[in-house]
Amino acid sequence: MRNEELDQMVEKSFRKEPDFYLPANFAQKVTFSLVRREQWKTDLHEYLYLTGVLFSLLAVVSGFYYFVDKEFVLKTITFVSENILPVTLILFLLNFIFFADKVLLRLLFSRWNRT
Amino acid sequence: MNDAELIAQILSGNMNAFTFLVNRYQKLVVHITGRLIQRQDELEDVCQEVFMKVYQNLGKYRNECKLSTWIATIAYNTSINYLRKFKKVDEVNPDDSAALRNLTEYKSDDFEKADLHRYIREQIENLPVQYRTVLTLFHLEEFSYQEIEQITGMPEGTIKSYLFRAKALLKEKLKFVVDENSLKLVKEITHEE
């Protein structure tokens, strides 16, 4: 009898739910995080795509212009190589502004909206 | 809405359908994850990670198994990875002798003062992780042996053996502390449920 009672009790206790719980709005929170993550990915892809297009366009135009005004293109290349540091810094700054506009600010705004 | 319709809705970009899916399966995930990691403070993050993986891999889901089995597999793997990453390896590898060592820590005198319900629950939580996993999947979530095999990758024989040994371990623990007088309390509890 004792063994049967124990058996029954053990079986019942196995079917009891453990004492772990999630907040009531868990599903909404997960969906929100997911939307934000997907948005971040989309924004980043868009930024990389646009940057790629911009640089490709610049390369194509420069190549094409080389045949139109070879001297100007060579002068420009010389200017860039002589002022590599400021040119790089300006390019970096412009690129960062573009990145902030396309990705960073959107991410920050979505975080602020959440809070 | 059945699972197939739900998946189709999510894949077409309906995020409300995803919220619906999370609501439908969060209990399953919290049972598996909670029993495995046993940390309430980390539970939400791990469960969130599980559902993120569900969303990311939903396109790869084929109707070879039930959606609940597939989600349970993700929950199990995520929890095991969490344990491997943040806890001792001993927690992932079952060790009967360790579980039995805990048994001797409880004395009859202590038991009389303790709440039996809580005691049994504590004993389940003290079982090795693989035991807790198969117990939760089989008894609480009512998965079949084949489904548990699919979820955990353990052979059917091992699952049966874990179930049997978990029950035997728990019974041993209870026999150790429950005397004839306390059995009345046991009866009351069994009948009131």
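Note that the coordinates shown come from a computational prediction; the quantities given were computed from them, not determined experimentally.

About the cut-offs
- Residues numbered from 1 in each chain as written.
- Chains lettered and ligands numbered in written order.
- Predicted model: local features only at pLDDT ≥ 70, side-chain atom pairs only at ≥ 80, totals over all residues.
- Heavy atoms only, no water.
- Helix = DSSP H or I, 4+ residues; strand = E, 2+ residues; numbered from the N terminus.
- Rg over C-alpha atoms; globule rule 2.2 N^0.38 Å.
- Contact = heavy atoms within 4.5 Å.
- Buried area = accessible area lost by both parts, 1.4 Å probe.
- Salt bridge = Lys/Arg side-chain N within 4 Å of Asp/Glu carboxyl O.
- Polar contact = N/O pair within 3.5 Å; in protein donor to acceptor, adjacent residues only side chain to side chain.
- Domains from an automatic or database assignment.
- Phe/Tyr/Trp six-rings, centres within 6.5 Å; stacked < 30°, edge-to-face > 60°.
- Buried < 20%, exposed > 50% of the residue type's maximum accessible area, 1.4 Å probe, protein only.
- Expected span 1.5 Å × (residues − 1).
- Bend = angle between axes of the 7 residues up to and from the residue.
- Axes fitted to C-alpha atoms, helices over the stretch in contact; angles between N-to-C directions.
- Parallel < 35°, antiparallel > 145°, perpendicular 65-115°, else oblique.
- Left-handed = near helix turned anticlockwise from the far one by under 90°.
- Nonpolar A, V, L, I, M, F, W, Y, C, P; charged D, E, K, R; others polar.

### Examining the overall build of chain A
Summing up its helical and strand segments, chain A has four helices and zero strands in all. Secondary structure elements of chain A, listed N to C terminal, follow the sequence α-α-α-α. Taken over the C-alpha trace, chain A has a radius of gyration of 30 Å; the compact-globule value for 115 residues is 13 Å, which it surpasses by more than 25%. C-alpha atoms of chain A, sized along the principal axes, occupy 105 × 30 × 25 Å.

### Quick word on the interface of chain A and chain B
Counting residues at the interface gives 34 residues for chain A, matched by 45 residues for chain B. In total, about 4100 Å² of surface goes out of reach between chain A and chain B, with carbon and sulfur atoms giving 64% of it. Counting every contact that joins chain A to chain B gives three salt bridges. Connecting chain A to chain B are six residue pairs in polar contact (both at pLDDT 80 or more). Listed by contribution, the elements that provide at least two residues to the side of chain A that touches chain B are α1 (2–14) and α2 (26–68) of chain A.

### A short note on the domain arrangement of chain B
Residues and elements named next belong to chain B. For chain B, the assigned domains are domain 1 (1–87) and domain 2 (92–193). Taken together, the contact pairs 17 residues of domain 1 with 17 residues of domain 2. Carbon and sulfur atoms make up 59% of the area that domain 1 and domain 2 hide from each other, which totals about 1600 Å². Viewed at the interface, domain 2 and domain 1 are joined by two salt bridges.

### Structural notes on the packing of aromatic side chains
Taken as a whole and assessed by the stated rule, the structure comprises ten aromatic pairs over all chains. A centroid spacing of 5.0 Å and a plane angle of 70° characterise the contact between Tyr 47 of chain A and Phe 99 of chain A, whose relative ring orientation is edge-to-face. On the criterion of sequence distance, the pair formed by Tyr 47 of chain A in helix α2 and Phe 99 of chain A in helix α4 (residues 84–114) is long-range, its members being 52 residues apart. Look at Tyr 47 of chain A and you get buried, because its relative accessible area is 9%. Taking the relative accessible area as the measure of exposure, Phe 99 of chain A reaches 18% and is therefore buried. Ring geometry for Tyr 131 of chain B against Tyr 162 of chain B: centres 5.0 Å apart, planes inclined by 40°, an arrangement best described as tilted.

### With respect to helix α2 (residues 15–37) of chain B
Counting along an α-helix, one turn takes 3.6 residues, and residues three or four places apart therefore face a common direction. All names here are of chain B. Taking 1.5 Å as the rise per residue, α2 with 23 residues should run 33 Å; its terminal C-alpha atoms sit only 28 Å apart, a clear shortfall. Maximum bend of α2: about 50°, positioned at Tyr 25. Most of α2 is tucked away: 18 of the 23 residues are buried. The distance from a side-chain oxygen at the start of α2 to the backbone nitrogen of Asn 16 is 3.0 Å, and the residue carrying that oxygen is Asn 14. Looking one or two places after α2, you find Gln 38, whose phi comes out positive at around 55°.

### Considering unusual backbone geometry
Residues and elements named next belong to chain B. A positive phi angle is found at Gln 38, which is not glycine, with a value near 55°. In this structure, Gln 38 sits in the loop between α2 and α3 (40–57). Despite not being glycine, Glu 142 shows a phi value in the positive range, around 55°. With respect to the secondary-structure elements, Glu 142 resides in the loop between α9 (129–140) and α10 (145–152). For Glu 142, a relative accessible area of 62% gives the class exposed.

### As for the pattern of salt bridges
A complete count under the given rule lists 14 salt bridges over all chains for this structure. One network of salt bridges, in which partners are shared, links Glu 11 and Arg 15 of chain A together with Lys 167 of chain B.

### Focus: the packing of α9 of chain B against α10 of chain B
Residue and element names in this part refer to chain B. Here α9 crosses α10 at 135°, and the two axes come no closer than 10 Å. Classified by the angle between their axes, α9 and α10 sit oblique to one another. Crossing of α9 against α10: the hand is right-handed. Here α9 contributes Thr 133, Val 134, Leu 137 and Phe 138 to the contact with α10, which in turn contributes Tyr 145, Ile 148, Ile 151 and Thr 152. Class assignment for the residues of the contact of α9 with α10 results in six nonpolar, two polar and no charged.

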